[in-house]
Amino acid sequence: MAASQFNKTRKSQRGFTLLETLGAIAILSIGLLAMAGLMSKTTVSSSQSRYMSAASILATQKLEELNRYPISDPVIAVSGSSAGSITGDVSSGSLNYFDNVQISAVGGTITETTEDDQGNYTTITQSPDGTITSATSTTAPAPLAETLRYHRRWVIEKDVPVTGVRRITVFVQLTNPPIVNSVTFQISMVRP
Amino acid sequence: MKNFSTGRLPQSRRLESGFTLLELMVSTAVFLVIGAAAFSLFSSHAPLFTRQQNISGLNINLRNAVTQMELDVVNAGNGYYPGADIASWPVGLTVNNQQPSTTCYNATAHTYSSTCFDTMNIIGVDGSIPPTHPNPPGNSCGATDTSSILFVDPPPSTEYSGSPSQFASLFHSGDQLLIIKSDGSQMATTTLTQDGSLSGAKVRLQHNPTGASTTDPLGITTFFANSGSADTQNKLGNTFCQSDWVLKLSYTTYYVDATDPTNPKLMRQQSTGTTDVVAEQIIGFKVGASLWSGTVSGDTFTFQNYNYNSYDPSQVRSLIVSLIGRTTPNRTGDLTYKNSFDNGNYQIQSLSVVINPRNLSMNDH
């Protein structure tokens with residue numbers, strides 16, 4: 001009598017089985033893992049936007065620099081239809097149409113080293129106490145930890161988009177650290 | 001009563017049985033293990049996430065500040081009056097570098113005081129007021145370094161449609177004037193001490209005698225005044241005649257307000273009197289300048305001690321601004337985090353930008 005009543009109630013009012021519970025937990029954990037994956041993805045894309053921001057600043061910086069040269073200066077002279085390239089490193093005599101910039105924040109300073117088109121390195125170092133120095137060297141500085149390295153290339157096109165002007169395009173690429181999507185930036189300017 | 005109770009218990013258990021104890025324990029254990037793993041993943045990511053959010057906000061702040069500065073600096077030296085043949089436009093940018101000092105920064109409390117930061121003035125001519133000529137009594141030349149009253153002519157009706165008294169009312173106490181020779185060879189600057197008033201047909205401007213530092217808060221002529229005979233170009237003038245020019249200046253000053261040392265703010269002060277906060281939590285603001293050296297390839301940026309009396313501001317051709325910002329301290333979500341710049345519990349980011357003022361740098365080429 002007792003046993004039959006037990007079986008009867010169990011059939012009509014039973015709870016979850018172990019299998020069902022495990023199934024539910026599995027679904028829950030997939031959801032949680034997806035959330036965690038999303039967070040790391042956000043982290044990556046946030047870093048990417050920061051690197052991109054620095055790349056755009058460096059690109060406009062180069063454009064500003066090239067914009068300052070007088071019309072006749074060899075640095076922005078074009079003999080054929082174009083000088084330099086944004087797809088590969090091009091040199092013409094002692095003049096390079098590419099350079100490197102590295103930015104790092106280690107050991108209590110922020111340093112930014114720019115290699116110019118003559119192979120000179122200018123390092124600007126800033127400290128919390130308001131000290132800021134600018135030093136030029138002909139040798140590359142030792143690589144620092146936590147450094148962001150950007151590579152810049154530029155091309156100067158003659159009579160583009162209309163006759164009588166020059167179009168300068170600067171291309172910037174982050175060469176380290178590797179993240180999921182590459183960080184590149186490109187900007188153009190038209191000048192006489 | 002007791003019998004009744006014990007008699008009912010088995011019955012109710014039979015009616016409402018769900019999990020067995022074993023089932024419950026196994027499922028709880030599995031849930032705990034997976035839950036703990038997920039939580040630890042979450043908690044290790046949460047500070048990272050906060051950090052990235054903070055740094056994104058910081059990045060946007062710095063970019064906004066730099067963009068605002070670019071807009072202002074690019075237009076430095078504007079309003080130049082085409083009628084005046086000015087060989088080397090004298091006003092554009094003045095920079096005051098602070099001497100580095102270890103006391104400006106507290107390495108333990110991570111607070112910054114104003115001596116860590118530079119000041120940058122962007123100077124142009126107030127385009128709303130037409131330029132005018134001095135008209136000293138007796139139609140002769142006037143000495144601005146000894147006299148404290150300057151008479152000027154109201155502009156001709158082709159340049160200014162208002163009445164002379166309306167013109168006089170455009171000048172206010174505290175305005176900064178630039179007085180310049182018609183050939184641009186010499187200049188002087190002064191601050192008005194009274195509002196402009198009409199005196200006969202002329203406008204009477206009361207000012208501090210030129211050549212003193214109190215009349216030159218922007219450092220326009222400090223170098224010329226202090227270099228004395230070393231100023232071979234003799235750019236500081238004190239005698240101005242009817243063919244010369246009087247211009248009202250408009251200026252924008254960038255400086256860091258560190259009255260709250262836990263939150264230094266980059267400020268933008270305009271000659272109209274308004275002061276805005278451009279960015280908060282700025283822990284580095286240094287301005288370097290490139291002076292015209294005769295050849296463009298000789299232009300190099302230096303942060304040498306550009307205080308107002310150590311360089312010729314008329315030769316400034318390009319600026320480099322280095323800005324360092326930080327996220328709000330101690331809100332990283334990770335209390336052990338220390339940045340590698342000043343070891344504070346916040347992220348830092350630096351941005352440096354080169355700006356060529358169009359009115360200053362393009363004329364040499």
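In what follows, the structure referred to is the one given above.
Along each chain, the written sequence defines residue order, and numbers are assigned to residues from 1. Working convention: letters from A go to chains and numbers from 1 go to ligands, in the order in which they are written. For this predicted model, a pLDDT threshold of at least 70 governs which residues receive local features, and a threshold of 80 or more governs which side-chain atom pairs are given and counted, while totals over whole chains, interfaces and linings are taken from all residues. Side-chain numbers come from the whole structure's heavy atoms, not from hydrogens or water.

Colleague: Go over the packing of aromatic side chains with me, naming the residues and quoting the values.
Modeller: Residues and elements named next belong to chain B. Only rings of Phe, Tyr and Trp enter the pairing, Trp through its six-membered ring, and a pair is recorded when the two centres are within 6.5 Å. The plane angle decides the type: under 30 degrees is stacked, over 60 is edge-to-face, the rest tilted. Enumeration according to the criterion identifies five aromatic pairs over all chains in this entry. Centre to centre, the rings of Tyr-160 and Phe-167 are 5.3 Å apart; their planes meet at 65°, and the pair counts as edge-to-face. Assigned by exposure class, Tyr-160 and Phe-167 land together as buried. Judged by centre distance (5.4 Å) and plane angle (75°), the rings of Phe-167 and Phe-171 are edge-to-face. Should the NZ of a Lys or the CZ of an Arg lie within 6 Å of a ring centre and within 35 degrees of the ring normal, that charge is described as sitting over the ring. The lysine or arginine in question, Lys-202, covers the ring of Phe-151, its NZ or CZ lying 5.7 Å from the ring centre. Against the face of Tyr-346 rests Arg-326, its NZ or CZ located 4.7 Å from the ring centre. Partly exposed describes any residue whose relative accessible area lies between the buried limit of under 20% and the exposed limit of over 50%, with all areas from a 1.4 Å probe on protein chains only and scaled to the type maximum.

Colleague: Now, about the sheet that holds strand E10 (residues 202-206) of chain B: what can you tell me, with residues and values included?
Modeller: Residue and element names in this part refer to chain B. The strand order across the open sheet formed by three strands is E6-E10-E9, and the pairing between neighbours is antiparallel. The open sheet has two edge strands with one neighbour each: strand E6 (149-152) and strand E9 (197-199). Looking at each pair of strands side by side, their axes are set apart by 40° on average, direction ignored. Two strands pair under a simple rule: DSSP has to find at least two bridges between them. Secondary structure elements are defined from DSSP: runs of H or I of at least 4 residues count as helices, runs of E of at least 2 residues count as strands, and each element is numbered from the N terminus. Relative to E10, E6 runs antiparallel, the two being bridged by four bridges. Bridge pairing links Leu-150 to Leu-205 in E10. Lines fitted to the C-alpha atoms define the axes, with helices restricted to the stretch that makes contact. Angles between their N-to-C directions range from 0 to 180 degrees.

Colleague: Break down unusual backbone geometry for me, with residues and values.
Modeller: All names here are of chain A. At the junction of Val-160 and Pro-161, the peptide bond is cis and its omega measures out at -5° in the coordinates. Examined against the element boundaries, Pro-161 turns out to sit in the loop between strand E8 (147-158) and strand E9 (166-174). Its identity is not glycine, yet Asp-159 carries a phi of approximately 55°, on the positive side. By the element assignment, Asp-159 lies in the loop between E8 and E9. Exposure remark for Asp-159: the relative accessible area of 38% places this residue in the partly exposed category.

Colleague: Before we move on, could you go through the state of the cysteines and cite the residues and values that matter?
Modeller: Residues and elements named next belong to chain B. Only a pair of cysteine sulfur atoms within 2.5 Å counts as a disulfide in this structure description. Counting across every chain of the model gives two disulfides over all chains. Here Cys-104 pairs with Cys-116 through a disulfide, and the sulfurs are 1.9 Å apart. Looking down the S-S bond of the Cys-104 and Cys-116 bridge, the torsion is 95°, so its handedness is right-handed. You can see Cys-104 sitting in the loop between strand E1 (93-96) and strand E2 (105-106) and its partner Cys-116 sitting in the loop between strand E3 (111-112) and strand E4 (119-125), a full twelve residues away along the chain. Exposure remark for Cys-104: the relative accessible area of 2% places this residue in the buried category.

Colleague: Please set out the sheet that holds strand E16 (residues 316-326) of chain B residue by residue, giving values where relevant.
Modeller: The strands making up a sheet are joined through hydrogen bonds of the backbone, oriented either antiparallel or parallel. Residues and elements named next belong to chain B. Spatial ordering of the open sheet is given by E15-E16-E17, a layout of three strands whose pairing is antiparallel. The open sheet has two edge strands with one neighbour each: strand E15 (282-291) and strand E17 (348-355). Across the sheet, the mean angle separating the axes of adjacent strands is 10° when strand polarity is ignored. By the bridge criterion, nine bridges tie E15 to E16 in an arrangement that is antiparallel. Note on E16: the bridge partner recorded for Gly-284 is Ile-324. Whether two residues are in contact is decided by their heavy atoms: any pair within 4.5 Å suffices. Against the sheet, helix H2 (residues 21-74) contacts E15, E16 and E17, and its axis sits at roughly 20° relative to E17.

Colleague: Requested: an account of the interface of chain B and chain A, with residues and values cited.
Modeller: Across the contact, 58 residues belong to chain B and 55 residues belong to chain A. Once two parts are brought into contact, the accessible area they lose, counted with a 1.4 Å probe and summed over both, makes up the buried area. When chain B packs against chain A, close to 5000 Å² is buried across both sides, 62% of that on carbon and sulfur atoms. Polar contact criterion, stated in full: a pair of N or O atoms within 3.5 Å, where within protein one must be able to donate a hydrogen and the other to accept it, and residues adjacent in sequence count only if both atoms are side-chain atoms. Inspection of the chain B/chain A interface yields eight residue pairs in polar contact (both at pLDDT 80 or more). Listed by contribution, the elements that provide at least two residues to the side of chain B that touches chain A are helix H1 (2-15), H2, E15, E16 and E17 of chain B. Broken down by element, the side of chain B that touches chain A gets its largest block of residues, 18 residues, from H2(B).

Colleague: Go over the pattern of salt bridges with me, naming the residues and quoting the values.
Modeller: All names here are of chain B. Definition used for salt bridges: Asp or Glu carboxyl oxygen within 4 Å of a side-chain nitrogen of Lys or Arg. A full pass over the atoms with the stated rule returns ten salt bridges over all chains. A salt bridge links Asp-72 to Arg-268; the nearest nitrogen and oxygen atoms lie 2.7 Å apart. On the criterion of sequence distance, the pair formed by Asp-72 in helix H2 and Arg-268 in strand E13 (residues 265-270) is long-range, its members being 196 residues apart. For the pair formed by Asp-72 and Arg-268, the shared burial category is buried.

Colleague: Outline the pairing of E17(B), listing residues and values.
Modeller: All names here are of chain B. With respect to burial, E17 is a largely interior element, seven of its eight residues being buried. Here E16 runs beside E17; their pairing, made up of eight bridges, is antiparallel. Across the sheet, Leu-323 pairs through a bridge with Leu-351, a residue of E17.

Colleague: Explain empty space enclosed by the protein to me, using residue names and the numbers behind them.
Modeller: Cavities and pockets were defined on a 1 Å grid built over protein atoms only: a cavity is a set of grid points that admits a 1.4 Å probe from which the probe cannot escape, a pocket is an open set flanked by protein on both sides within 12 Å along at least five of seven lines, and lining residues are those with an atom within 4 Å of any such point. Grid points are joined across faces, edges and corners, and a volume is the space filled by probe spheres set on the points. Enumeration according to the criterion identifies one cavity of 30 Å³ or more in this entry. In this structure, the largest cavity spans a volume of roughly 30 Å³. Lining the largest cavity, in full, are A:Leu28, A:Ser29, A:Leu32, B:Phe31, B:Ile34 and B:Gly35. When residues of the lining of the largest cavity are traced back to their parent elements, those giving at least two are helix H2 (18-68) of chain A together with H2 of chain B. Taken together, the residues of the lining of the largest cavity sort by class into four nonpolar, two polar and no charged. In the scheme used here, Gly and all other residues not listed as nonpolar or charged are polar, with Ala, Val, Leu, Ile, Met, Phe, Trp, Tyr, Cys and Pro taken as nonpolar and Asp, Glu, Lys and Arg as charged.

Colleague: Any details on H2(B)? Residues and values, ideally.
Modeller: Along an α-helix, a turn takes 3.6 residues, which lines up residues three or four apart on a common side. To estimate how far a helix should extend, the number of its residues minus one is multiplied by 1.5 Å. If you check H2(B), its first and last C-alpha atoms are 77 Å apart, about what 54 residues at 1.5 Å a residue would give, namely 80 Å. The principal kink in H2(B), of about 25°, is found at B:His45, preceding the proline B:Pro47 by one to four residues. Two axes enter the definition of the bend at a residue: one is fitted to the seven residues ending there, the other to the seven starting there, and the bend is the angle between them.

Colleague: Could you give me a rundown of the layout of surface pockets, with the residues and numbers involved?
Modeller: Computed from the structure, the second largest pocket encloses a volume of approximately 730 Å³. In terms of lining residues, the second largest pocket is bounded by 28 residues, among which A:Arg50, A:Glu146, A:Leu148, B:Ile55 and B:Ile348 are the most central. Among the secondary structure elements, those contributing two or more residues to the lining of the second largest pocket are H2, strand E4 (98-106), strand E5 (109-115) and E8 of chain A together with H2 and E17 of chain B. Among the elements that make up the lining of the second largest pocket, the one with the highest residue count is H2(A) (six residues). Of the residues that constitute the lining of the second largest pocket, the class distribution is 14 nonpolar, ten polar and four charged.

Colleague: Go over the packing of H2(A) against H2(B), please, and point to the residues and values.
Modeller: In contact at an axis separation of 9 Å, H2(A) and H2(B) are set at 15° when each is read in the N-to-C sense. The angle between H2(A) and H2(B) places the two elements in the roughly parallel class. Once H2(A) is placed against H2(B), the crossing between them reads as left-handed. Counted by class, the contact of H2(A) with H2(B) contains 20 nonpolar, 15 polar and three charged residues. Orientation labels follow simple angle bins: below 35 degrees gives roughly parallel, above 145 gives roughly antiparallel, 65 to 115 gives roughly perpendicular, and whatever is left gives oblique. Crossings are assigned a handedness: left-handed for a near helix turned anticlockwise from the far helix by less than a right angle, right-handed for a clockwise turn.

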